[in-house]
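# Reading the structure
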Amino acid sequence: MKFRDDARIDTGEVQDRRGGGGRAAAIGGGGLGVVGLIVVVLVQLLGGSGGGGGDVSRQLGPILDGLQPGQTADGSQLASSCRTGQDANSSEECAAVASIQSIQDYWSGRLGDEYTDTDTVFFSGSTDTGCGSATSGVGPFYCPADQLVYIDLAFFEELRTRFGAEGGTFVNAYVLAHEYGHHVQDLLGTESKVQQGASGAKSGSVRLELQADCYAGTWANHATTTPDDSGAPLIEQLTQDDVDAALDTAGRIGDDFIQRQLGGGQADPDSYTHGTSEQRRTWFTRGYETGDPDRCDTFAAGAI
């Protein structure tokens, strides 16, 4: 994926809280949450609650109580280093900022007045959120309580080193687009209709996650045609290799893949919260091939 060199990057959509805080496992709101998902899986397989993040967070209370608070937001350093598309082409953090800008430009154009921009919080170690204390261990997530996306950018390296994902600029953008898919669900009222803590292969939690994958795919379809404030597309190139890398990543964060790798070699569909690897690839592909969010109705009868 390549950004237009002379494009202006808007860092105003990012709150930079990096620096300080400890690293531990915690559960946030809706999102990819690979490491957080691992914790959920292990608690379930070891006889813990079969519910969602809130139940697991209570079991992990002693860990969460020891967290240091994240620092307050200061975007001055980010603003000075991430100014143009050329910066985004040479810096992972600037690419993340530019991807967020493109994703929100797409949804604003698609939904009009129904869409409200929201920030992404970059943090390191731990931070306070509207959904409670969160750490790097939860992975990127969206918190409905404060309508913010949270991510420790070290998560991208975690995908590459721990899970063997190919990685790359577009993979990172897919992660962020998934989280903004949850923001869209929140704005449209979809998320509020799902029972918190639900699990199972056909649960509302799985349907939410798969729909967010599909929404990420619809943005990807329009990434090279979505204009920025100048009227020209911020992203000028997206290759099939980029898409293949995202599909590779989607296959490594399915419930079945993670449970087989970390849960004794067995997958338990009753504990699924995010969908299988095949489902995640399928729904991202549907969004990417159609470019139509209306084709992302994972809640329709027989959809999953």
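Rules of the game
Residues numbered from 1 in each chain as written. Predicted model: local features only at pLDDT ≥ 70, side-chain atom pairs only at ≥ 80, totals over all residues. Heavy atoms only, no water. Helix = DSSP H or I, 4+ residues; strand = E, 2+ residues; numbered from the N terminus. Buried < 20%, exposed > 50% of the residue type's maximum accessible area, 1.4 Å probe, protein only. Contact = heavy atoms within 4.5 Å. Phe/Tyr/Trp six-rings, centres within 6.5 Å; stacked < 30°, edge-to-face > 60°. Lys NZ or Arg CZ within 6 Å of the ring centre and 35° of its normal. Polar contact = N/O pair within 3.5 Å; in protein donor to acceptor, adjacent residues only side chain to side chain. Disulfide = S-S within 2.5 Å. Pairing = 2+ DSSP bridges. Axes fitted to C-alpha atoms, helices over the stretch in contact; angles between N-to-C directions. Expected span 1.5 Å × (residues − 1). Salt bridge = Lys/Arg side-chain N within 4 Å of Asp/Glu carboxyl O.

## A few points about the overall build of the chain
Check the secondary structure of the chain and you find 12 helices and 8 strands. By the burial criterion, 55% of the 304 residues in the chain qualify as buried. Counting only contacts in the chain whose residues sit at least 6 apart along the sequence, the fraction spanning at least 24 positions is 75%.

## Structural notes on the packing of aromatic side chains
In the structure shown here, the tally under the stated rule is 8 aromatic pairs. Measuring from centroid to centroid gives 6.0 Å for F170 and W219, while their planes differ by 20°, and the two rings are stacked. Of the two residues, F170 sits in helix α8 (residues 169-188) while W219 sits in helix α9 (residues 204-222), which places them 49 residues apart along the sequence. Residue W219 is classed as buried on the basis of its relative accessible area of 0%. Joined through ring pairs, the aromatic side chains of F170, Y174, W219, F284 and Y288 make up one cluster. Above the face of the W283 ring, R286 is positioned so that its terminal group lies 4.3 Å from the ring centre.

## As for the environment of D292
The residue D292 is located in the segment after α12 (277-290) in this model. Distance from D292 to W219, taken between C-alpha atoms, is 9.0 Å for residues 73 residues apart in sequence. Every residue in contact with D292, bar those within four places of it in the chain, is listed here: R110, T218 and G287. A polar contact is formed between the side chain of D292 and the backbone nitrogen of D294, at a distance of 2.9 Å.

## Side note on the state of the cysteines
Under the definition given, this model contains 3 disulfides. Paired by a disulfide, C82 and C94 hold their sulfur atoms 2.0 Å apart. One disulfide, between C82 and C94, carries an S-S torsion of -80° and so falls in the left-handed class. Remark: C94 occurs in helix α6 (residues 92-111) and C82 occurs in the loop between α4 (76-81) and α5 (85-90); sequence separation between them is 12 residues. There is no split in this pair, since C82 and C94 are both buried. Across a sulfur-sulfur distance of 2.1 Å, C214 and C296 are joined as a disulfide pair. Between C214 and C296, the S-S torsion sits near -70°, and that sign places the bridge as left-handed. Taken together, the positions of C214 in helix α9 and C296 in the segment after α12 put the pair 82 residues apart, joining distant regions of the chain. Exposure remark for C296: the relative accessible area of 0% places this residue in the buried category.

## Some thoughts on the sheet that holds strand β2 (residues 14-17)
The strand order across the open sheet formed by 4 strands is β2-β3-β7-β6, and the pairing between neighbours is mixed. Where the open sheet ends on each side, the last strands, each with one partner, are β2 and β6 (141-143). Direction aside, the axes of adjacent strands within the sheet are offset by 25° on average. Pairing between β6 and strand β7 (residues 148-151): 3 bridges, direction antiparallel. Bridge pairing in β7 links Y142 to V149. Most of the contacts of α8 go to β6, to which it runs at about 25°, and overall it touches β3 (120-123), β6 and β7.

## Quick look at α9
Here α9 contains 19 residues, and its C-alpha end-to-end distance of 27 Å stays within 8% of the 27 Å for a straight helix at 1.5 Å per residue. Of all 19 residues in α9, 17 are buried; the element is thus mostly enclosed.

## Concerning the pairing of strand β4 (residues 126-129)
Strand direction decides the pairing type here: β4 and strand β5 (residues 132-135), joined by 4 bridges, are antiparallel. Bridged to T129 within β5 is G132. Between β4 and β5, which pair antiparallel and follow one another directly, the connecting turn spans 2 residues.

## A few points about the pattern of salt bridges
Applying the stated criterion to the full structure yields 15 salt bridges. Where K2 meets E236, a salt bridge forms, and the shortest distance between an N and an O atom there is 2.8 Å. Here E236 lies in strand β8 (residues 235-237) and K2 lies in strand β1 (residues 2-3), a separation of 234 residues in the sequence. Judged by relative accessible area, which is 28%, K2 ranks as partly exposed. As a salt-bridge pair, D229 and R8 come within 3.6 Å of each other at their nearest N and O atoms. In this pair, D229 sits in the loop between α9 and β8 while R8 sits in the loop between β1 and β2, placing the two residues 221 residues apart along the sequence. Beyond isolated ion pairs, a larger network of salt bridges with shared partners links K2, D5 and E236.

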